Amino acid sequence: MRLLKTRRVFLRAAAAAAFVGTQTPNLLASAAPMTPDARELTLASGAKMPLIGLGTWEADPGVVGSAVQASLDAGCRHLDCAAAYRNEHEVGEALAASSVPRKEIFITSKLWNDRRRPADVEAALEKTLSRLGTDYLDLYLIHWPVVWAKDSVMKPDAQASLRETWQTLEKLVDAGKIKHIGVSNYNEAEVKELLSYARIRPAVNQIELHPRLPQTQLVKYCQSNDICVTAYSPLGRGSKTKAGLLTNPTVTRIAAVHGVSPASVLLRWNVQRGVVVIPKSVTPARIRQNLEEPWSFRLSDQELAAMATVDDGARFCSPPWSTFGDRTRRDDIFTSCLTRLASGIFAVASLDITK
Ligand code: A2P
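Residues numbered from 1 in each chain as written. Predicted model: local features only at pLDDT ≥ 70, side-chain atom pairs only at ≥ 80, totals over all residues. Heavy atoms only, no water.

(A) Quick peek at the overall build of the protein. In terms of helices and strands, the protein carries 12 helices and 10 strands. Per-residue burial over the protein gives 52% buried out of 355 residues. Of all intrachain contacts in the protein linking residues separated by at least 6 positions in sequence, the fraction that spans at least 24 positions is 75%. (Helix = DSSP H or I, 4+ residues; strand = E, 2+ residues; numbered from the N terminus. Buried < 20%, exposed > 50% of the residue type's maximum accessible area, 1.4 Å probe, protein only. Contact = heavy atoms within 4.5 Å.)

This is the structure we're talking about:
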């Protein structure tokens, strides 16, 4: 044990020396003792939300249950779910099998795009509650700022509106079925519009955030309006995309300095600015690492400045219906072609979230 510790210290020192050799001086983290970080964020309501949760997007049925189990065993108390992920029933089974009391776990789910009319919103929530095996959600988000006709993909519903959907969610908060409501994938203009009519203000905006897409202005806008920001795909979707964040030289060098994994550097980068992260993993060792290691070090100002150079505005979740304002012309052309193709494919595959 002692030998391992000594080896880790030695490796850190060696990595630090190598890092300094390739960077300007003073890039090392300050030697000042680190005060322990709060591991939870206090929402405007006073409720606590753990800064690190488990993402379940693209966690396949068959493995997501054991990931949730491993995560709860490791001390994770924040699960991020959605009807559209089509795995909530398995998350529910893992929750039922766990001895962790329900009230200790912060559970988020999301309302899909074709459930916008009041009766459909209520029915969708009931289905999610029943799949998860709980009688309330800590947080329920509008998944995307779009209004589709029921059971359709991208077919607008002129009789429904996000405003009416929000008002229905407010009533469900009043009824005690949801503790907080919020949004996902909203840009600044969309959040502003929501704030103009919300009786119950959104507690959270969940958006794609990682060093290649820091969205600093949107994060500041939300935080200055008491809206907590949650980062999805905080690892740039790992090695699933060409994001290359886990192998980015700036990230790996900083990781080596602190003797931690590149994933922990990416997670630390978000939590250090008060942003909640929900890394997806189905691998127990990674789940444990993602939960603990980001608390073992602090990024210095110089390291943050180095990380800022990684920003190139790359998005890894930009479906045809997204309303992001930072598309390039090439994206627009690509999207309009993809929209036609995707509508057909989705219509056939049908996101059957009603099960
Ligand atoms: P896996 O689920 O096989 O463990 P994001 O949260 O940005 O969408 O990234 C999710 C991807 O990153 C998944 O493919 C996941 O793989 C991988 N991943 C999660 N945690 C780590 C980690 N600590 N180190 C490396 N890859 C990770």
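(B) Broad picture of the packing of aromatic side chains. This structure, assessed with the given rule, holds 6 aromatic pairs. Taking the centre distance of 5.9 Å and the plane angle of 90° together, the rings of Trp112 and Trp321 count as edge-to-face. Taken together, the residues span a long stretch of sequence, with Trp112 in the loop between β5 (106–111) and α4 (118–132) and Trp321 in the loop between α11 (301–308) and α12 (329–349) at a distance of 209 residues. Side by side, Trp112 and Trp321 carry an identical accessibility label, which is buried. Through a chain of ring-to-ring contacts, the aromatic side chains of Trp112, Trp144, Trp148, Trp321 and Phe324 assemble into a single cluster. Here the basic side chain of Lys179 rests over the ring of Tyr136, its NZ or CZ set 4.7 Å away from the ring centre. (Phe/Tyr/Trp six-rings, centres within 6.5 Å; stacked < 30°, edge-to-face > 60°. Lys NZ or Arg CZ within 6 Å of the ring centre and 35° of its normal.)

(C) Quick peek at the layout of surface pockets. Considered as a void within the structure, the second largest pocket measures approximately 220 Å³ in volume. Pro214, Thr216, Trp269, Arg273 and Leu304 are the residues nearest the centre of the second largest pocket, which is lined by 13 residues in total. Residue assignment for the lining of the second largest pocket shows that the elements contributing at least two residues are α7 (216–224) and α11. For the lining of the second largest pocket, the element with the highest residue contribution is α7, accounting for 4 residues. (1 Å grid on protein atoms, 1.4 Å probe; cavity = no way out; pocket = protein on both sides within 12 Å on 5 of 7 lines; lining within 4 Å. Points joined across faces, edges and corners; volume = space filled by probe spheres on them.)

(D) The arrangement of the pairing of strand β6 (residues 137–142) in detail. When you tally the buried positions in β6, you get 6 out of 6 residues, the bulk of the element. Pairing between β5 and β6: 4 bridges, direction parallel. Residue pairing in the sheet places Ser109 in a bridge with Tyr140 of β6. Read as a crossover between parallel neighbours, the route from β5 over α4 to β6 is right-handed. In terms of strand pairing, β6 meets strand β7 (residues 178–184) through 5 bridges, oriented parallel. Across the sheet, the residue bridging to Ile142 is Val183, located in β7. Handedness of the crossover joining β6 and β7 through helix α5 (residues 162–174) is recorded here as right-handed. (Pairing = 2+ DSSP bridges. Right-handed = clockwise from strand over helix to strand, strands pointing away.)

(E) Layout of the side chain of Ser281. Relative to the helices and strands, Ser281 is located in the loop between β10 (276–277) and α10 (284–292). At 3.0 Å, the side chain of Ser281 and the backbone nitrogen of Thr283 are in polar contact. In this view, Ser281 contacts Leu54, Gly55, Ala67, Arg286, Ile287 and Asn290; residues no more than four positions away in its chain are not counted. (Polar contact = N/O pair within 3.5 Å; in protein donor to acceptor, adjacent residues only side chain to side chain.)

(F) Region of interest: the site of the ligand. For the ligand, the set of nearby residues contains 17 residues, the closest of which are Leu235, Arg237, Lys280, Ser281 and Thr283. Taking Val282, its main chain carries an N or O atom lying 2.9 Å from an oxygen atom of the ligand. At 2.6 Å, a side-chain N or O of Thr283 approaches an oxygen atom of the ligand. Top contributing element to the shell around the ligand by residue count: α10, with 3 residues. Its residues assigned to classes, the shell around the ligand comprises 6 nonpolar, 7 polar and 4 charged. (Near = heavy atom within 4 Å. Nonpolar A, V, L, I, M, F, W, Y, C, P; charged D, E, K, R; others polar.)

(G) Focus on the packing of helix α2 (residues 64–73) against helix α3 (residues 88–97). Across the interface, α2 lies against α3 with an axial gap of 8 Å and an inter-helix angle of 40°. Viewed along their axes, α2 and α3 adopt a mutual orientation that is oblique. Seen from above, α2 lies across α3 with right-handed handedness. Contact with α2, carried on its side by Val64, Gly65, Val68, Gln69 and Leu72, involves Glu90, Val91, Ala94, Leu95 and Ala97 of α3 and no other residues of that element. (Axes fitted to C-alpha atoms, helices over the stretch in contact; angles between N-to-C directions. Parallel < 35°, antiparallel > 145°, perpendicular 65-115°, else oblique. Left-handed = near helix turned anticlockwise from the far one by under 90°.)

(H) Main features of empty space enclosed by the protein. On inspection of all chains with the given rule, the structure shows 1 cavity of 30 Å³ or more. What lines the largest cavity is simply Ile52, Gly53, Leu54, Ser71, Cys76, Pro279, Ser281, Ile287, Asn290 and Leu291. The element contributing the most residues to the lining of the largest cavity is α10, with 3 residues.

(I) View of the pattern of salt bridges. In the structure shown here, the tally under the stated rule is 16 salt bridges. Of the charged contacts, one joins Arg77 and Glu104 as a salt bridge, the two residues approaching to 3.8 Å between their closest N and O atoms. Placement of Arg77 in the loop between α2 and β4 (78–80) and of Glu104 in the loop between α3 and β5 is noted, with a sequence separation of 27 residues between them. On the basis of relative accessibility, which here comes to 42%, the residue Glu104 falls in the partly exposed class. Note that Asp120 and Lys150 form a salt bridge whose closest N and O atoms lie 3.2 Å from each other. Of this pair, Asp120 sits in helix α4 while Lys150 is found in the loop between β6 and α5, placing the two residues 30 residues apart along the sequence. For Lys150, a relative accessible area of 48% translates into the label partly exposed. The network of salt bridges with shared partners includes Asp37, Arg268 and Arg298. (Salt bridge = Lys/Arg side-chain N within 4 Å of Asp/Glu carboxyl O.)

(J) Spotlight on the environment of Val153. The topology assignment puts Val153 in the loop between β6 and α5. Taking the C-alpha atoms as reference points, Val153 and Asp114, separated by 39 residues in sequence, lie 7.4 Å from one another.

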